[in-house]
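Chain and residue survey
The chain contents come next:
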Amino acid sequence: NGLADWFEGCQKRCATSDPRKIIILKKEIPIYFAVFDVLCIDNCSVRNYRYTERKELLKKIVESNDWKNVIYVEHSDIKKTWENCFRFAWEGIVLKRMDSIYIEGRRDFDWIKIKPMKEITVEVAGIIPSKSDNRTGFASLVMAKDGKHMGNCGQGFTEDSLKNLMRNMKVSDEKKIEVSDENW
């Protein structure tokens, strides 16, 4: 999975504090910053500007600087972007009304986040124990499909569902899952 590899690469790079390794990883795992909107310019809020006006200001800022890893994101075709969301396994897309202003802390229908839903059947290959005393069971489940590490899942569990999972999970000697992933 390209996205999992990319995400793990980003995590590896962000977790590195050794200056020599940072120089190497900077070349091996380049990270780009995609900018969609701007809320403040030179300590002045532009939240009350329309989205289209903020986009114009942002484009000028990016174009007037020599930032190598900053990408200005243009408006795009919704249908094509939605298709790419599935194709490239993106987290989702945000639809914004072009004349909307930015209102902090409030959700409304001027901005809508849409996440693609895709089901996949995986096996639980293991668990990552919880380091927290206030959490029951584990920090995350290790997921695999056909022996390949597909990622970890540690969100969306309530305390009750964690207790239920731990109570119903059994270690099976009948079927061992060999997980191969050099980043794991």
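Quick notes on the rules
Residues numbered from 1 in each chain as written. Predicted model: local features only at pLDDT ≥ 70, side-chain atom pairs only at ≥ 80, totals over all residues. Heavy atoms only, no water. Helix = DSSP H or I, 4+ residues; strand = E, 2+ residues; numbered from the N terminus. Phe/Tyr/Trp six-rings, centres within 6.5 Å; stacked < 30°, edge-to-face > 60°. Buried < 20%, exposed > 50% of the residue type's maximum accessible area, 1.4 Å probe, protein only. Lys NZ or Arg CZ within 6 Å of the ring centre and 35° of its normal. Pairing = 2+ DSSP bridges. Axes fitted to C-alpha atoms, helices over the stretch in contact; angles between N-to-C directions. Contact = heavy atoms within 4.5 Å.

Below, the discussion takes up the environment of Met-143. Locating Met-143 in the fold gives a position in strand β8 (residues 138-145). When the C-alpha positions of Met-143 and Gly-126 are compared, they lie 7.3 Å apart, and in sequence the two are 17 residues distant.

Counted under the stated rule, the structure contains four aromatic pairs. Both rings, one in Tyr-51 and one in Trp-111, keep their centres 6.5 Å apart while their planes meet at 65°; by these two values the pair is edge-to-face. Taken together, the residues span a long stretch of sequence, with Tyr-51 in helix α3 (residues 51-63) and Trp-111 in strand β6 (residues 111-114) at a distance of 60 residues. Residue classification places Tyr-51 among the buried residues on the basis of a relative accessible area of 6%. Residue class for Trp-111 comes out partly exposed when judged on its relative accessible area of 24%. Taken together, the ring pairs in this structure connect Tyr-51, Tyr-102 and Trp-111 into an aromatic cluster. Positioned above the aromatic ring of Trp-111, the side-chain terminus of Lys-96 is 3.9 Å from the ring centre.

Let us look at the sheet that holds strand β7 (residues 123-129). On the basis of which strands lie adjacent, the open sheet formed by three strands has the order β7-β8-β9 and antiparallel pairing. Of all strands in the sheet, those with a lone pairing partner are β7 and β9 (148-153), marking the two edges. Across the sheet, the mean angle from the axis of one strand to that of its neighbour is 25°, orientation sign disregarded. Where β8 meets β9, five bridges bridge the pair, whose relative direction is antiparallel. Note on β9: the bridge partner recorded for Val-142 is Asn-152.

Looking now at the side chain of Ser-140. Turning to its location among the elements, Ser-140 is positioned in strand β8. Ser-140 gets classed as buried once you look at its relative accessible area, which sits at 10%. Dropping the residues within four chain positions of it, Ser-140 is found in contact with Ile-127, Ile-128, Asn-152, Cys-153 and Gly-154.

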